[in-house]
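# Survey of secondary and tertiary structure
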Amino acid sequence: LGTFPVEASVCSRLVSDGVMCLQVKGHKPQAVKPKVYKQEVEITQKMTVAALAKAMNKDVDHVFEALLNSPVDLDSLDQDSVLEERSIKEVVTRSGMKFKWAKLSETRKRVNRDAHRRPPADASCLVSRPPVVTIMGHVDHGKTTLLDSLRKSQIVSTEAGGITQHIGAFLVELPSGEKITFLDTPGHAAFSSMRARGANATDIIILVVAADDGVMNQTVESIQHAKRAGVPMIVAVNKCDKPQADPQRVKRELLAHDVVCEEFGGDVQAIHISALKGDNLLALTEATAALAEVLELKAEPSGLVEGLVIESRTDRGKGPVTTAIVQRGTLRHGCVLVAGKSWAKVRLLFDENGRALTEAGPSCAVEVVGWKELPSAGELILEVESEQRAREVVEWRNYEEEEMKLEEERSAIELKQTQHLQEYRKERAELAHLSWRQKKAALYRAYKAKFSGRPSERTEDEELSLPLVIKGDVDGSVEAILNILDSYDAHQQCELDVVHFGIGDVSENDVNMAETFKGSIYGFNVRASKTVQQLATKKGVPLRLHTVIYKLIDQLKDDLSSKLPPHVVENILGEATVLAMFEVSVGKKKVPVAGCRVQKGLLDRRHKFRLIRGQDTIWEGSVMTLKHHKDDVQSVRTGMECGLSVHGNMDFKPGDVLVCFENVASPQVTSWNPGF
C-alpha cells in the first residue's frame, strides 16, 4: 500500500463490497470502487403498487418483498393500494435503483378566448326592423333590372356584359314609407357560393323566373338554397310583356320542385311583372311587405353588434372594405369588430350610394372601413369590448386553426407509419421460412431492385402542368373562381395548380411568383399598371385580365388545350398492289424493284410507305426511287403503273400491298367541362 510519513495515521477499513479504502490524515478519502450503474425509476405522488411495479419493470410481488421489515402493513396491501412517498422511495432504493420525479407530460391547456353571439334578447327590448330580401334566379332573367326599377338607378349598365358578378346590397324605401334591404345575387353558374351566402343572410327570397324561358338550372339551385336556409319565397314571373311569355307554364314547372303557388293550393305568392317596363312592381313590393309583416321581423337595436360579411374587397383609397348586413345592435364609428381571423376599429361607414353614415341599425346594408386584414365573405361579425380583446380573439382563432392543422398532420403521419409497419411485417412474414443468411440475401436483392429504379423515375419527362396566380377584385369573385377550379377533372391530361390567389390589382410580386412557377396570371375585374404589364411581357408571363367570368374560363380552357400535345392521326393517301419483282443494276450493285399498279388514291415519294403481306406489316419507311416507265416522278395516281425501290434489301412478292400515308397532327382539346 506504499509508505507514508510517520506523522500520518493510517486507518484501513473494509467496505461492504470488499474493496479496500484508505483514509489519510490531512487527505480526502479516495474511493477506488468502480461506478455502479443504477436503473432510474420515474415516480409520482400517490402511486399504486401496480403502477410502481410497472415503472420498475418488475412484478407486484417484488414490491411486496421490498416492503418487508418496513412499517407498512403488508396484509392490508393489494396491487391497487396507494403508497406513501416514503414507501415508494424505500422500495426503489432497496431494489438497487434510483428514483427521479416524473415530469408532467400534460401541457397546460389554453383558455378559450373566442367571441360568441350574445344570448337571445328579452322580447321587451326588440323593435321592428326592415326585411332583408334576396333576389335570386337564373342568369339574365332580369334580377338586376328588377332592382334597377325598384330604386330607379342604372346598375345593369355598370355590370360587364349585363351579368351581375357581385352581391349588391341596397336599402330601398317604398312609396308607402316602408324600407326593404335588397340583396342582388349573381345568377351565373359560377357564383353558386355567393347565392348560398345570400340565402343564409336573408328573411325573404324573391325568385325571378323569366316567363319566356321558364325554370332553368340556376332557378332550381336557388330553390334548393332557399329550402336549405328555411327562407320563405315569393315568385316574380318576369318578362310578361313579351309575346312568347307563358306565366302558367312557369308555375307548372315550379310544381316539379315543390314550389306550389297560391292558385294551385299552395302558400307561395306568384306575381306577374315586367321589370323593364315597371309593370306590377307595386304588387310585388306589397306582397313582400305583407309577408314581412306576417313574419314579425324584430331585432335588438342596443348592445354589442352582430352582423354578416356579404362581400369584401380592397379599395385603393380606403384599404380593406367589407359590405355587411347588421343583424343586431347599432354599428357606429369606433366600434371594435371581429370577423373570422381579422378585426377592425370602424373608421368610416358608407351606404350603397357612397354617402357617409354615422350609424347603421338592424337590417342595414353598410360598407365598413377600418379592417386590419380582409375578412372572408360569409364570416360572422361580432363586436367586442376593446382592441385588446379583439387581438385575443384573433390570436385564439389562429391558434385553433394551427392546432387543427397539426392534428391533421399528426393523423396523416400516424396513418403513414401504420401502413409502413404493415408493409414491413408483411415483407418479413414472406421471408419467415428462410434462414438468416438467405433472408439477408433476399432483402439485399429486393432493396437493390427498388433503388435501382429511382434514377429512371427522375429522368422521366415532367408532367404537363399549368400553374396559376388568381387575382380578383373582391373575396367572392376569387371564391367563385376557386370553386370552379375545384371541379377540374382532367388531371390525366394536364395538372392545374393554383400557386397563389388574392384580392386586389396585379402586382410585381404576382408576376415574379408566376415566373418562378412558370405559370400564368388570371385577373378578374382587376387592373395591371403599365409597369406590371411591361414586367410580365419582359419575363414572358401570360397576363389574362377579364371582366366576364365565362370569358375567363374560356381563356383558361384554351391555355390548358395549348399545353397538350397534338393528336397524331394517320391519313391514308393511296394503295398499290405489287405485280412483279425484278432487279435493276445500279453500278455494280443490283437493286430490287417492285412493279406496282396504283389501286386507289396516289403514291407520293415525299411521304411514308408501308408494305403489307396478308395481315402483317413487313416494312415501313420511305422510298428511294419512284419511276413511271423510265422517268423519275414525284407521284403516281390511280390506274398508273410504276416501279419503286426502297432503302435496304426488301424481298417484294406479287400480291403485296403498298400503302402510302402521312401523319397529320390535330390540336388536342381539354376534356374539362366546368358546366357552362
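In this text, all values refer to a predicted model and were calculated from it rather than measured experimentally.

Applying the stated criterion across every chain yields a total of 2 aromatic pairs. Relative to Tyr-399, the ring of Trp-396 lies with its centre 5.5 Å away and its plane at 45°, an arrangement referred to as tilted. Here Trp-396 and its partner Tyr-399 are both found in helix α9 (residues 387–430), 3 residues apart, which amounts to about one turn of the helix. Given the relative accessible area of 8%, Trp-396 is considered buried. Sitting over the face of the ring of Phe-350, Lys-318 holds its NZ or CZ atom 4.1 Å from the ring centroid. Here Arg-610 stacks its cationic end above the ring of Phe-661, 4.2 Å away from the centre of that ring.

So, about the layout of surface pockets. The gaps left among the atoms become clear once a water-sized probe is rolled over them. Volume-wise, the second largest pocket comes out at about 400 Å³. Around the second largest pocket, the lining is made up of 18 residues, and of these Phe-582, Val-584, Val-593, Lys-627 and Gly-643 lie nearest the centre. Going through the elements one at a time, β26 (567–586), β27 (589–604), β30 (623–628) and β33 (641–646) are the ones with two or more residues in the lining of the second largest pocket. Looking at the lining of the second largest pocket, the element that brings in the most residues is β33, giving 5 residues.

The biggest cluster of nonpolar side chains holds 24 residues, and the ones touching the most others in it are Ile-135, Leu-146, Phe-182, Ile-206, Ile-234, Ile-273 and Leu-284. Taken together, the elements giving at least two residues each to this core come down to β6 (132–137), α4 (143–151), β7 (168–173), β8 (179–184), β9 (204–210), β10 (233–238) and α8 (281–295). By residue number, the principal contributor to this core is α8, which donates 5 residues.

What the 4 strands build is an open sheet, ordered β23-β22-β24-β25; its pairing is parallel. Only two strands of the sheet have a single neighbouring strand rather than two, namely β23 (495–503) and β25 (543–546). Across the sheet, the mean angle from the axis of one strand to that of its neighbour is 20°, orientation sign disregarded. Summarising the sheet, strand β22 (residues 465–472) and β23 pair through 8 bridges and their orientation is parallel. The partner of Ile-470 across the bridge, within β23, is Phe-501. Along the sheet, helix α15 (residues 549–563) contacts β22, β23, β24 (520–524) and β25; its crossing angle with β24, the most-contacted strand, is approximately 170°.

Moving on: the pairing of β10. Taken across its 6 residues, β10 has 6 buried, putting it largely inside the fold. Relative to β10, β9 runs parallel, the two being bridged by 6 bridges. In the strand pairing of β10, Ile-205 is matched with Met-233. Note on the crossover from β9 through helix α6 (residues 217–229) to β10: the handedness is right-handed. Taken together, the 4 bridges between β10 and strand β11 (residues 269–272) define a ladder with parallel strand orientation. When the sheet's bridge partners are listed, Val-235 is paired in β11 with Ala-270.

Parameters at a glance
Residues numbered from 1 in each chain as written. Predicted model: local features only at pLDDT ≥ 70, side-chain atom pairs only at ≥ 80, totals over all residues. Heavy atoms only, no water. Phe/Tyr/Trp six-rings, centres within 6.5 Å; stacked < 30°, edge-to-face > 60°. Helix = DSSP H or I, 4+ residues; strand = E, 2+ residues; numbered from the N terminus. Buried < 20%, exposed > 50% of the residue type's maximum accessible area, 1.4 Å probe, protein only. Lys NZ or Arg CZ within 6 Å of the ring centre and 35° of its normal. 1 Å grid on protein atoms, 1.4 Å probe; cavity = no way out; pocket = protein on both sides within 12 Å on 5 of 7 lines; lining within 4 Å. Points joined across faces, edges and corners; volume = space filled by probe spheres on them. Core = buried A, V, L, I, M, F, W, Y, C linked by side-chain atoms within 4.5 Å. Pairing = 2+ DSSP bridges. Axes fitted to C-alpha atoms, helices over the stretch in contact; angles between N-to-C directions. Contact = heavy atoms within 4.5 Å. Right-handed = clockwise from strand over helix to strand, strands pointing away.

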